[in-house]
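The primary structure of each chain is shown beneath.
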Amino acid sequence: MEPALRAVCKDVRIGTILIQTNQLTGEPELHYLRLPKDISDDHVILMDCTVSTGAAAMMAVRVLLDHDVPEDKIFLLSLLMAEMGVHSVAYAFPRVRIITTAVDKRVNDLFRIIPGIGNFGDRYFGTDAVPDGSDEEEPYTG
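Residues numbered from 1 in each chain as written. Predicted model: local features only at pLDDT ≥ 70, side-chain atom pairs only at ≥ 80, totals over all residues. Heavy atoms only, no water.

Colleague: Can you walk me through the overall build of the protein chain in this structure?
Modeller: Secondary structure assignment for the protein chain yields 4 helices and 10 strands. Going residue by residue from the N terminus, the α and β elements of the protein chain occur as α-β-β-β-β-α-β-β-α-β-β-β-β-α. For the protein chain, with 142 residues in total, the buried portion stands at 29%. Contacts in the protein chain between residues at least 24 apart in sequence constitute 52% of all its contacts with a sequence separation of at least 6. Accessible surface, the protein chain as shown: approximately 9200 Å² in total, 54% of it carbon and sulfur. (Helix = DSSP H or I, 4+ residues; strand = E, 2+ residues; numbered from the N terminus. Buried < 20%, exposed > 50% of the residue type's maximum accessible area, 1.4 Å probe, protein only. Contact = heavy atoms within 4.5 Å. Areas by Shrake-Rupley, 256 points an atom, 1.4 Å probe, with all protein chains shown as cover.)

Colleague: Mind showing me how you'd approach the side chain of glutamate 71 here?
Modeller: Along the chain, the position of glutamate 71 falls in the loop between helix 2 (55-66) and strand 5 (74-78). In contact with glutamate 71, not counting residues within four places along its chain, are Leu65, Phe93, Pro94, Arg95 and Val96.

Colleague: Even after reading the chapter, I still don't get the environment of glutamine 23, so can you show me in this structure?
Modeller: With respect to the helices and strands, glutamine 23 occurs in the loop between strand 1 (16-21) and strand 2 (28-34). Taking the relative accessible area as the measure of exposure, glutamine 23 reaches 57% and is therefore exposed. Note: C-alpha distance between glutamine 23 and leucine 110 (87 residues apart in sequence) is 9.0 Å.

Colleague: Explain helix 2 here, please?
Modeller: Residue pairs three or four apart in sequence face the same way in an α-helix, which turns once every 3.6 residues. Its 12 residues place the ends of helix 2 16 Å apart at the C-alpha level, agreeing with the 16 Å of an ideal helix rising 1.5 Å per residue. For helix 2, the complete set of buried residues consists of Ala57, Ala60, Val61, Val63, Leu64 and Leu65. Each element contacted by the buried residues of helix 2 is listed here: strand 1, strand 2, strand 3 (44-47), strand 4 (50-51), strand 5 and helix 3 (83-92). The first or second residue beyond helix 2 is aspartate 68, which carries a positive phi of 65°. (Expected span 1.5 Å × (residues − 1).)

Colleague: Even after reading the chapter, I still don't get the nonpolar core, so can you show me in this structure?
Modeller: Proteins that are soluble and globular tend to have nonpolar side chains buried together. One finds Leu46, Val61, Leu64, Val69, Ile74, Leu76 and Val96 to be the most contacted residues of the largest nonpolar core, which totals 17 residues. Only strand 3, helix 2 and strand 5 provide two or more residues apiece to this core. Looking at which element gives the most residues to this core, the answer is helix 2, with 5 residues. With residues up to four places along the chain from it excluded, the contact list for leucine 64 reads Ile17, Leu35, Ile39, Val44, Leu46, Val69 and Ile74. (Core = buried A, V, L, I, M, F, W, Y, C linked by side-chain atoms within 4.5 Å.)

Colleague: Can you help me understand the pattern of salt bridges in this one?
Modeller: Pairing is possible between side chains that carry opposite charge, provided their charged atoms lie close to one another. Applying the stated rule across the entire model yields 5 salt bridges. One salt bridge in this structure joins arginine 62 and aspartate 66, with 3.2 Å as the shortest N-O distance. Here aspartate 66 and arginine 62 lie together in helix 2, a separation of 4 residues that amounts to about one turn. Looking at arginine 62, the relative accessible area reads 41%, which means it is partly exposed. A salt bridge links glutamate 71 to arginine 95; the shortest N-O distance between them is 3.9 Å. Here glutamate 71 is found in the loop between helix 2 and strand 5, whereas its partner arginine 95 is found in the loop between helix 3 and strand 7 (97-100), with 24 residues between them in sequence. (Salt bridge = Lys/Arg side-chain N within 4 Å of Asp/Glu carboxyl O.)

Now the structure itself:
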């Protein structure tokens, strides 16, 4: 998503917040943070390709708030979100604007979006997915 943003906004300042879910605990963990100076003066587009429970997105919003970015200047941009994630973020941070292309209703036992798009990060970066079968679609029963 970042290359597309850079293609249309040549002078955009980019920061990085790397949050990954701990596979053992299911909790989000902050692994890396690099933000532009004076970020509190800017509108911030927080990009996350898929949002399932919203836990990682909420941690990222909290990081931005801790760096004095006003809540109403944060936009959460996602390709796909689970309904649970939309509700969690909207309830916790009602002034954050949420922009997504689609909302899927369910998540599986591993909190992956169903039917979703598989493990988008692994596909995008060419890495191996955790072998849990989450890339396979579950039949629709609803």
